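Fold and contact review
If you want the building blocks of each chain, they are given just below.
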Amino acid sequence: GEFTLDFTATAAAPSFDLKVGDEVCITNYIMDRFCIDLGHFLDDDSTITLASPEKHSFHCLLDVPRCKDSGYLVLTDKDEETGMHCLGYRLDDTDAVVQAGLVAGRNGYCTGCTGHEFKPERGFRATVKGTVKELGDGTDGVTGTPVLENIEVLDESVECETTTVVRPVCMAPPPAPEP
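Given the structure is predicted, the values throughout are model-derived calculations rather than measurements. (Residues numbered from 1 in each chain as written. Predicted model: local features only at pLDDT ≥ 70, side-chain atom pairs only at ≥ 80, totals over all residues. Heavy atoms only, no water.)

Here's the deal with the pattern of salt bridges
Rule in force here: Whenever Lys or Arg places a side-chain nitrogen within 4 Å of a carboxyl oxygen from Asp or Glu, that contact is recorded as a salt bridge. Going along the chain from the N terminus, every DSSP run of H or I of four or more residues is numbered as a helix, and every run of E of two or more is numbered as a strand. Each residue is assigned to one of three classes by its accessible area relative to the maximum for its type, calculated with a 1.4 Å probe on protein chains only: buried under 20%, partly exposed between the two thresholds, exposed over 50%.
Here the structure, examined in full by the defined rule, presents five salt bridges. Across the salt bridge formed by lysine 19 and aspartate 22, the nearest N and O atoms sit 3.7 Å from each other. For arginine 125, the salt bridge is made with glutamate 156, and the minimal N-O distance between the two is 3.0 Å. Taken together, the residues arginine 125 in strand β6 (residues 125-134) and glutamate 156 in the segment after β7 (147-155) connect sequence positions 31 residues apart. Residue class for glutamate 156 comes out partly exposed when judged on its relative accessible area of 39%.

So, in structure tokens, the structure goes:
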């Protein structure tokens with residue numbers, strides 16, 4: 001096959017604009033909107049959601065109705081300045097996320113999970129493929145992120161041919177919890 005480098009779609013080209021209908025592929029942590037808006041994990045209030053998505057339990061992500069019903073996003077890498085992951089895309093198919101998560105997570109604390117003992121209990125990373133359904137509203141929070149439809153949630157070992165990250169939304173750190 002022919003190998004050509006296409007620099008227009010790499011993260012190094014911030015002028016690359018996302019349009020409705022664009023195909024997107026990204027590998028990163030999956031997070032529920034409830035815990036993003038809350039600022040910390042529902043089952044661990046000392047941990048800042050976007051600072052430590054690797055500590056987020058599959059139980060909180062998938063078993064807890066408030067988290068599940070709030071919808072899911074895929075994050076992007078950490079913002080060096082805040083030490084927090086930025087928001088990538090909203091995912092319009094909750095069922096696809098939940099089904100993939102239940103298979104990826106270890107059964108136990110996550111009661112719905114079916115994974116064996118070597119599967120993770122915390123930190124759901126996946127490769128997400130989808131099509132841009134609508135663009136974000138330009139704000140600094142969840143609604144500032146584009147929405148993806150036709151979602152495929154694949155094992156994180158599945159590599160993207162091109163990772164699509166366009167202007168991730170980086171939120172400010174939440175205020176310290178009240179003592």
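Things to note about the confidence of the model for the chain
It should be kept in mind that the predicted coordinates are not to be read in detail where pLDDT is low. Spelled out, the test is: pLDDT is defined as a per-residue confidence score from the predictor, taking values between 0 and 100.
Per-residue pLDDT for the chain averages 87, and the proportion of residues at 70 or more is 89%. Across the chain, element-level confidence peaks in helix α4 (residues 94-104) with a mean pLDDT of 97 and bottoms out in strand β2 (residues 40-41) with 86.

A look at the state of the cysteines
Note the threshold: By convention in this document, the label disulfide applies to cysteine sulfur atom pairs within 2.5 Å.
Going through the model one piece at a time under the given rule, you end up with three disulfides. Disulfide pairing places cysteine 25 opposite cysteine 160 at an S-S distance of 2.0 Å. Looking along the S-S bond of the cysteine 25-cysteine 160 disulfide, the torsion reads about -80°, which is the left-handed sense. Remark: cysteine 160 occurs in the segment after β7 and cysteine 25 occurs in strand β1 (residues 23-32); sequence separation between them is 135 residues. In this structure, cysteine 25 and cysteine 160 share a single accessibility class: buried.

A word on the packing of aromatic side chains
Formally: Each pair of aromatic rings taken from Phe, Tyr and Trp, with Trp reduced to its six-membered ring, is defined by centres within 6.5 Å and is described as stacked if the planes are under 30 degrees apart, edge-to-face if over 60, and tilted in the remaining cases.
For the structure shown, the criterion picks out one aromatic pair. Here the aromatic rings of phenylalanine 58 and phenylalanine 124 are separated by 5.4 Å at their centres, their planes lie at 40°, and the arrangement is tilted. Here phenylalanine 58 is found in helix α2 (residues 58-63), whereas its partner phenylalanine 124 is found in the loop between α4 and β6, with 66 residues between them in sequence. Take phenylalanine 58 and phenylalanine 124: they sit in the same class, and that class is buried.

Observations concerning the nonpolar core
The tendency in soluble globular proteins is for nonpolar side chains to be buried side by side. Rules: To qualify as a nonpolar core, a set must consist of buried Ala, Val, Leu, Ile, Met, Phe, Trp, Tyr and Cys residues joined through side-chain atoms within 4.5 Å. Every residue pair with non-hydrogen atoms within 4.5 Å of one another is taken to be in contact.
Judged by nonpolar contacts, the single largest core of 27 residues is most densely connected at Ile30, Leu62, Leu91 and Phe124. Breaking this core down by element, the ones donating at least two residues are β1, α2, β4 (72-79), β5 (84-91), α4, β6 and β7. Among the elements that take part in this core, α4 stands out by supplying six residues, more than any other. If we ignore the near neighbours within four places in the chain, the residues touching phenylalanine 124 are Asn28, Tyr29, Ile30, Phe58, Leu61, Val97, Ala100, Gly101, Ala104 and Val153. Tyr29, Ala51, Leu75 and Met84 belong to the second-largest nonpolar core, a separate cluster that totals 17 residues.

Topic: α4
Convention followed: In the analysis that follows, any N or O atom pair within 3.5 Å is treated as a polar contact, provided that within protein one partner can donate a hydrogen and the other can accept it, and provided that, for residues neighboring in sequence, both atoms belong to side chains.
Turning to α4, its buried residues number three or more, namely Ala96, Val97, Val98, Ala100, Gly101, Leu102 and Ala104. In this structure, the buried side of α4 is in contact with β1, α2, α3 (65-70), β4, β5 and β7. The N-cap residue of α4 is aspartate 93: its side-chain oxygen and the backbone nitrogen of aspartate 95 are 3.3 Å apart.

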